[in-house]
Amino acid sequence: MAAPLVVGFDLDMTLIDTVPGFAATLEALGAELGVALPIAELTERLGPPLDALLGPYVPADRLAEAGDRFRALYPELAVTSVPALPGAHEALAAVRRHGGRILLVTGKYAPNAQRHVDHLGLDVDHLEGWVWGVLKGEALREHGAQVYVGDHVHDVEGAHAAGVTSVSVLTGGCDEAELRAAGTDVVLPDLRAFPAWLDEHVLALTG
């Protein structure tokens, strides 16, 4: 390849199973606000920004307060209970074997995303937080990524915005039909299939 390999990864439901921690934080938040949040529904398709998830259930004049409180509750309730998804560490190691850099681009509040990185020992070079959809493309372009791996149709949008290869895993709330309709280039069942795909991808690029 003309440039060093740089691979971007989404965080929630791509590298980590955020559901246990997200649900616990939502439960505590709902109790504090006196709002009945449909936790199972809200955790079924994680990925969109928190304001978008809470908007239908929290009054508009309390939405900013609710978001701030969620982020404050999160470190205690949502870090130690959240595991890496199968194949996550191996996927990162595969990038390293090819001499690549690893970029984490997530819609999550960056300090809380970093807590997951530190707790799970995720081997990343740079973390870019609070970016969603096409805005992820800016971070991917800035850091010279050639591939972006995610689980959501909006991750596909980010990859397209950056003009990079979109790799989608089926560990989040979007099924294969949705991801292909969004235009993803590759669909994998989970990150355990990523190292073999990356080997073939790099070989095709380098000849």
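Scroll up to find the structure.
Residues numbered from 1 in each chain as written. Predicted model: local features only at pLDDT ≥ 70, side-chain atom pairs only at ≥ 80, totals over all residues. Heavy atoms only, no water.

K.L.:
If you had to explain the overall build of the protein to someone new, which residues and values would you point to?
P.N.:
On a plain count of helices and strands, the protein comes out with 10 helices and six strands. Whereas a compact globule of 207 residues would reach a radius of gyration of roughly 17 Å, the protein reaches 17 Å, a difference of no more than 12%. With respect to the principal axes defined by its C-alpha atoms, the protein has extents near 60 × 35 × 30 Å. Evaluated residue by residue, the protein yields a buried proportion of 49% over its 207 residues. Considering only residue pairs separated by 6 or more positions, the protein has 62% of its internal contacts joining residues 24 or more positions apart. (Helix = DSSP H or I, 4+ residues; strand = E, 2+ residues; numbered from the N terminus. Rg over C-alpha atoms; globule rule 2.2 N^0.38 Å. Buried < 20%, exposed > 50% of the residue type's maximum accessible area, 1.4 Å probe, protein only. Contact = heavy atoms within 4.5 Å.)

K.L.:
Break down the packing of aromatic side chains for me, with residues and values.
P.N.:
Applying the stated rule across the entire model yields five aromatic pairs. Considering the side-chain rings of F9 and F194, the 5.5 Å spacing of their centres and the 65° angle between planes classify their relative orientation as edge-to-face. Note that F9 is positioned in strand β1 (residues 6-9) and F194 in helix α10 (residues 194-206), a separation of 185 residues in sequence. Overall, F9 belongs to the buried group, its relative accessible area being 0%. On the basis of an interplanar angle of 55° and a centroid distance of 5.1 Å, the ring pair of F22 and F70 is categorised as tilted. Here F22 is found in helix α1 (residues 19-33), whereas its partner F70 is found in helix α4 (residues 63-78), with 48 residues between them in sequence. Across this residue pair, the class does not change: F22 and F70 are buried. Taken together, the ring pairs connect F9, F194 and W197 into an aromatic cluster. In this structure, R71 is placed above the aromatic ring of Y109, and the distance from its NZ or CZ to the ring centre is 5.8 Å. (Phe/Tyr/Trp six-rings, centres within 6.5 Å; stacked < 30°, edge-to-face > 60°. Lys NZ or Arg CZ within 6 Å of the ring centre and 35° of its normal.)

K.L.:
Help me get a handle on the nonpolar core, residues and values and all.
P.N.:
Formed by 30 residues in total, the largest nonpolar core has its most connected members in F9, L15, V149, L191 and F194. Sorting the residues of this core by element identifies β1, α5 (88-97), β2 (101-105), α6 (110-120), β4 (147-150), β5 (165-169), β6 (186-188) and α10 as the ones contributing at least two each. By residue number, the principal contributor to this core is α5, which donates five residues. Not counting the four nearest positions on each side in its chain, L15 is found in contact with F9, D10, A84, L85, A88, L92, L104 and L191. In terms of nonpolar packing, the next biggest core, distinct from the first, is built from 20 residues, F22, L33, L46 and L50 among them. (Core = buried A, V, L, I, M, F, W, Y, C linked by side-chain atoms within 4.5 Å.)

K.L.:
A description of the side chain of D155 should follow, citing residues and the corresponding values.
P.N.:
Mapped onto the fold, D155 is located in helix α8 (residues 153-162). For D155, the contacting residues outside a window of four places in its chain are D10, K136, Y148 and G150.

K.L.:
Lay out the sheet that holds β4 in plain terms, naming residues and giving numbers.
P.N.:
The six strands lie next to each other as β3-β2-β1-β4-β5-β6, forming an open sheet whose pairing is parallel. Every interior strand has two partners, whereas the edge strands, β3 (126-128) and β6, have only one. Direction aside, neighbouring strands of the sheet carry axes that sit 20° apart on average. With four bridges connecting them, β4 and β5 associate as parallel partners. Bridge pairing in β5 links Y148 to S166. The strands touched by α10 are β1, β4, β5 and β6; relative to β5, the strand with the most contacts, the crossing angle is about 160°. (Pairing = 2+ DSSP bridges. Axes fitted to C-alpha atoms, helices over the stretch in contact; angles between N-to-C directions.)

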